[in-house]
Amino acid sequence: MIHGVPGVGKTALLDYIDGHSKGCQIARAGGVQSEMELPFAGLHQLCAPHVSRIDRLPPPQRQALAMVFGVADGAPPDMFMTGLSVLGLLSEVARDKPLLCLVDDQQWLDHASIQVLAFVARRLGAESVGLVFGTRVPGRELTGLPTLKIAELSQADSRTLLDSVLTASLDQRVRDQIVAETRGNPLAMMELVRGNTPAELAGGFAIPGGTALWGDVEEGFRYRIGLLPAQSRQLIRIAAADPTGDPALVRRAAHRLGIEADAEAPIVDAGLAEFGARVRFRHPLARSVSYWSARPSDRQQVHGALAAETNRERDPDRYSWHLAQAAGGPDEAVAVELERSAGRARARGGLVAAAAFLERAAILTLDPVRRAQRALTAAMAKLTAGEFNAAGELLELAESGPLTDLQAATVALARAHLAFALSRGGEAPLLLFRAAERFRTIDPATARDTYLDALAASAFAGRAASPGGGVLDVARAALSMPVPADREPTDFLLAGLAANFTDGYAAGVGNLQHALVAFDEVRSGVMPADRELRWMWLMTLAALHLWDDDQWSTLSRRYVELARTSGALSELPLALSTRAMMLSFTGDLVGLAVLAEEQAAVTDATASQLAPYSGMCLAAMRGRRDESYSLIGSAAERGTSRGEGISAAVAEWTRAILHNGLGEYAHAMAAAQRALDLQEYPDRHYPGIANWAAAELVEAAARRGETGVAIEAADWIAEMTAASGTNWARGVGARSKALVAEGAEAETQFRDALASLQQTSVDAELARTRLLYGEWLRRERRRADARNQLRTAYRMFDAMGMEAFAERARRELQATGETARKRTASTGNTLTAQETMIARLARDGLSNPDIASRLFISARTVQYHLHKVFTKLAINSRTQLDRVSL
């Protein structure tokens, strides 16, 4: 990404690259200020010459690009599927010879195009594809890319450039003043020479006088445009207002306004623009000055002519946009056209463009009722598109008109979702709660759904929730709603979660169990995928509340599958994190590492704010102190700044795991207590993280001799596990009781814990129980019995990769008189997490394009990594992957 002030030479450098890249294909695009609201306009410039290759892409990518280019109908493609499709297309084009993409004036690209191109830029791996962006100031979309700032020329180079364009000798003092005043800006220097006679320059009469540099350059263009004949000035405005560069369209619009053909010559003679196969301005500043120096009425006239000459059937969006710019005031017909364009833009995934069309439609609407509805619709589109400030302004516009009760409630709900998007803590739970209250009599079903959102948000925020929006406030109001005759799974879920807070854990168990059963029945029937996805996280949460490892495993696997297949990449980080947490309890740390890697890739791709839960849990389970602390610190800081108590609670829980594994029980106990404090509400804790933190607290406190603390935590666990009744719950409950009991009672509880956990999939819990039982047996001087438990625990930990716990078991075994060989990690042929993930997917039968879609890379990069995998594993093909350990 090259950047610098206007006129410093960015475009010249891109032209130089274009002319000197022998052996490369060149694709060019440029941002145009007046085209910023048209979806994928920049992408069309870059990819249009290669559309014929779309058929070579996998079907999902082919469909996404076909919709983006307006040649197919269907559900709007996810922005990141579109990015992956463009990556695949460019990679396909580069099969012939290297492809170099040059994108000028990135600051004026439409939002959809820059999102896609930024995605592609970050994922170029083994492809023979290069991207060079030119921009004034690096924007947030391209943060992290290599940058090169183009500085002004030195005085010596400035003199050399000046001498190369002068047509007459110049007084040395005047030359030095020109160099000083233009401050090394090449365009300023050349425009100064071009716009003044040798006599003026020789006398020094045209020296700029202290305004901002690009202001001087723009003023030079403005001066030269002002010297044009009237018809030429009008023609250059038409050209500036048409970003397509289509000379036929420009000439037709000019003819409509009575402009003669010879009006082009003065523009060309002045060096402002060229009229060839395309209309091309000398510099983007010449275009912007041509457009913005005109009076508003002149711009409206130009857009009116362009609208009249634009093919309404072939290019309806550009037609309606010109029509909107031509409107001098409210115009219902134009507003209707804009609404149609918004629908087309939304269908192509251009949410930002759809929002822009709707916003303009609202502005052009005179009727206050229609204006309020259009403003509300535009606000919702802006909210979905992530343009939060604009969404807030449009909500204010909607509120200025008369609103029905339903519209007013919808505005309140939109404001709540806006607050939740900006920060999941703070006032978001309260706003969702208030929105639910407004829907109680208008739309009870929406009210219940919103109460559920509010309850989840308040639990997510913890004690950071605004007064009046805490879990008890929401839960009591939700339970006061009439129960519908035909209860949905979410109705059971709301009742169960709410009762958990108002009446205790046991009061919610029945409804939560009903929710999971009903949800499973509906899912196996005709439940739409989007609604299933909408509630999947809360349903996995219900399984977690119930300590139901079978349901949690099934639902978390389905959650990831659904997020992937539906292309809901904004949901995928949470789905991956949920599944990763499940794998941490099963002890599948290799699978956990794969998911952590994928979550990191998706989080980066989607700019998600989700904390690195998977990576944090993986590092703690492995006992990697430095890595854990880095990720824990990041998650805790993020949670605090965004008012998300759950992030900080998860961070402290993983810190407790880390220190229990390392045998540092004082630190583990302190961390577990902090996690519980962060998830504490009046009279009770929030199940989930608190369950796990309490179990860590019992272990740490018992090993430190803090019996009172350990007993209190064990009693709280027992209250839940008795009500739940699952094998996982019974196993953890019995283990916790064993740690605070003595003699025969302790052994009975340990044996009950093992018997229960052996019937579950949570092998990490089983191994930890064997370790604790073995430690207890050694302290009871029953060395032979202790060795049996410790030996099994050590083997399980070692196989799982739980290094710290394995070392703790090894030390205990050594204390019984048995030596366990300490594992030495291999380094030379160890696969990276990404290589392991690719190898596993290839082993499972996925093709290279399928793997590429899963991991947001190109098929060529997959091929590159597989070649490295084969070399490291000493195999020749993917058919041999099932013979090696992955």
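Residues numbered from 1 in each chain as written. Predicted model: local features only at pLDDT ≥ 70, side-chain atom pairs only at ≥ 80, totals over all residues. Heavy atoms only, no water.

Draft legend 1. Examining the overall build of the protein more closely. Scanning the protein for helices and strands turns up 44 helices and 9 strands. In the protein, which comprises 886 residues, the proportion classed as buried is 56%. Considering only contacts in the protein between residues 6 or more positions apart, those separated by 24 or more positions represent 67%. A total of about 36500 Å² of accessible surface is found on the protein, and carbon and sulfur atoms cover 50% of it. (Helix = DSSP H or I, 4+ residues; strand = E, 2+ residues; numbered from the N terminus. Buried < 20%, exposed > 50% of the residue type's maximum accessible area, 1.4 Å probe, protein only. Contact = heavy atoms within 4.5 Å. Areas by Shrake-Rupley, 256 points an atom, 1.4 Å probe, with all protein chains shown as cover.)

Draft legend 2. Fine view of the sheet that holds strand 5 (residues 148-149). Pairing is parallel across the open sheet formed by 5 strands, whose spatial order is 2-3-4-1-5. Looking at the sheet topology across the chains shown, the edges are occupied by strand 2 (25-30) and strand 5. Sheet topology places strand 3 (residues 99-104) next to strand 4 (residues 129-135); 5 bridges connect them, and they run parallel. Bridging across to strand 4, Leu-100 finds its partner in Gly-130. Set on the sheet, helix 4 (residues 79-93) makes contact with strand 2, strand 3 and strand 4; between it and strand 3 the angle comes to about 130°. Helix-sheet contacts for helix 5 (residues 111-122) involve strand 3 and strand 4, and the interaxial angle to strand 4 is about 135°. (Pairing = 2+ DSSP bridges. Axes fitted to C-alpha atoms, helices over the stretch in contact; angles between N-to-C directions.)

Draft legend 3. Summary view of helix 40 (residues 783-800). The first and last C-alpha atoms of helix 40 sit 25 Å apart over 18 residues, in line with the 26 Å expected at 1.5 Å per residue. Looking at helix 40, one finds that the buried residues are Ala-786, Gln-789, Leu-790, Ala-793, Tyr-794, Met-796, Phe-797 and Met-800. Here the buried residues of helix 40 occupy an arc of 170° about the axis, which is enough to place them on one side. For helix 40, exposure combined with an orientation more than 90 degrees from the buried face picks out Arg-795 and Ala-799. One or two positions beyond helix 40, positive phi appears at Gly-801, with a value near 90°. (Expected span 1.5 Å × (residues − 1). Arc of directions from axis to C-beta.)

Draft legend 4. Fine view of the pattern of salt bridges. A complete count under the given rule lists 45 salt bridges for this structure. Ionic pairing is found between Asp-453 and Arg-534, a salt bridge with its closest N-O pair at 3.0 Å. Taken together, the positions of Asp-453 in helix 23 (residues 444-461) and Arg-534 in helix 27 (residues 529-545) put the pair 81 residues apart, joining distant regions of the chain. Across the pair Arg-704 and Glu-706 runs a salt bridge whose closest N-O atoms are separated by 4.0 Å. Judged by its relative accessible area of 43%, Arg-704 is partly exposed. Where salt bridges share partners, they join Glu-696, Glu-699, Arg-703, Arg-768, Glu-775 and Arg-808 into one cluster. (Salt bridge = Lys/Arg side-chain N within 4 Å of Asp/Glu carboxyl O.)

Draft legend 5. Summary view of the packing of aromatic side chains. Throughout the structure, instances matching the rule amount to 15 aromatic pairs. Between Trp-321 and Phe-357 the ring centres are 5.4 Å apart and the planes differ by 75°, which places this aromatic pair in the edge-to-face class. With Trp-321 in helix 16 (residues 316-326) and Phe-357 in helix 18 (residues 351-363), this pair connects stretches of sequence that are 36 residues apart. A residue is classified by how much of its surface remains accessible, and Phe-357, at 0% relative accessible area, is buried. Ring-pair connections join several aromatic residues into one group, and the members of that group are Trp-547, Trp-552, Phe-585, Trp-653, Trp-692 and Trp-728. Its guanidinium or amino end placed over the ring of Tyr-629, Arg-655 lies 5.1 Å from that ring's centre, counting from NZ or CZ. (Phe/Tyr/Trp six-rings, centres within 6.5 Å; stacked < 30°, edge-to-face > 60°. Lys NZ or Arg CZ within 6 Å of the ring centre and 35° of its normal.)

Draft legend 6. Representation of unusual backbone geometry within the structure. Residue Asp-105 is not a glycine yet carries a positive backbone phi of 50°. Structurally, the position occupied by Asp-105 is in the loop between strand 3 and helix 5. On the accessibility criterion, Asp-105 (9% relative accessible area) is buried. Located in the positive-phi region is Arg-781, a residue other than glycine, with phi close to 65°. Within the secondary structure layout, Arg-781 lies in the loop between helix 39 (763-779) and helix 40.

Draft legend 7. Up close: the packing of helix 25 (residues 489-503) against helix 26 (residues 505-523). Between helix 25 and helix 26, the shortest axis-to-axis distance is 7 Å and the interhelical angle comes to 165°. For the element pair helix 25 / helix 26, the angle class is roughly antiparallel. Crossing hand, helix 25 versus helix 26: left-handed. For the pair helix 25 and helix 26, contact is made by Pro-489, Phe-492, Leu-493, Ala-495, Gly-496, Leu-497, Ala-499, Asn-500 and Asp-503 and by Tyr-505, Ala-507, Gly-508, Asn-511, Leu-512, His-514, Ala-515, Ala-518, Phe-519 and Val-522, respectively. Broken down by class, the residue content of the contact of helix 25 with helix 26 amounts to 13 nonpolar, 5 polar and 1 charged. (Parallel < 35°, antiparallel > 145°, perpendicular 65-115°, else oblique. Left-handed = near helix turned anticlockwise from the far one by under 90°. Nonpolar A, V, L, I, M, F, W, Y, C, P; charged D, E, K, R; others polar.)

Draft legend 8. Quick peek at empty space enclosed by the protein. Summed over all chains, the structure comprises 6 cavities of 30 Å³ or more. Phe-585, Ile-657, Glu-696, Glu-765 and Arg-768 are, among the 17 residues lining the second largest cavity, the residues nearest its centre. Within the residue set of the lining of the second largest cavity, elements represented by two or more residues are helix 29 (572-586), helix 31 (613-622), helix 33 (645-662), helix 35 (689-704), helix 37 (727-740) and helix 39. Examining the composition of the lining of the second largest cavity, we find that 4 residues originate from one element, helix 35, more than from any other. Considered class by class, the residues forming the lining of the second largest cavity number 11 nonpolar, 1 polar and 5 charged. (1 Å grid on protein atoms, 1.4 Å probe; cavity = no way out; pocket = protein on both sides within 12 Å on 5 of 7 lines; lining within 4 Å. Points joined across faces, edges and corners; volume = space filled by probe spheres on them.)

Draft legend 9. Structural detail: the side chain of Asn-848. Among the structural elements, Asn-848 can be located in helix 43 (residues 848-855). What makes Asn-848 buried here is its relative accessible area of 18%. Engagement of the side chain of Asn-848 in a polar contact is seen with the side chain of Arg-878, the distance being 2.9 Å. Not counting residues within four places of it along the chain, the set of residues in contact with Asn-848 comprises Ala-859, Val-862, Gln-863, Leu-866 and Arg-878. (Polar contact = N/O pair within 3.5 Å; in protein donor to acceptor, adjacent residues only side chain to side chain.)

Draft legend 10. Just the state of the cysteines, in detail. Throughout the structure, instances matching the rule amount to 0 disulfides. Here Cys-47 is not disulfide-linked; the sulfur of Cys-101 is the nearest cysteine sulfur, at 7.5 Å. Taking relative accessible area as the criterion, Cys-47 reaches 0% and is therefore assigned buried. (Disulfide = S-S within 2.5 Å.)

Draft legend 11. Fine view of the pairing of strand 4. Within strand 4, 7 of the 7 residues are buried, which leaves the element mostly enclosed by the surrounding structure. Here strand 4 shows two buried faces, one formed by Val-129, Leu-131, Phe-133 and Thr-135 and the other by Gly-130, Val-132 and Gly-134. Inspection of the sheet shows strand 1 (residues 2-3) paired to strand 4 by 2 bridges, in the parallel sense. Each bridged residue has a counterpart across the sheet, and for Ile-2 the counterpart in strand 4 is Gly-134. Of the crossover connections in this fold, the one passing from strand 3 over helix 5 to the parallel strand 4 is right-handed. (Right-handed = clockwise from strand over helix to strand, strands pointing away.)

Draft legend 12. Layout of the confidence of the model for the protein. When pLDDT is averaged across the protein, the result is 84; 89% of the residues are at 70 or more. When the criterion is pLDDT under 50, residues 203-214 qualifies, and its contacts beyond four places in sequence or with other chains add up to 22 contacts. Overall, residues 824-828 carries pLDDT values under 50, and its contacts beyond four positions in sequence, including any with other chains, amount to 0 contacts. (pLDDT = per-residue confidence, 0-100.)

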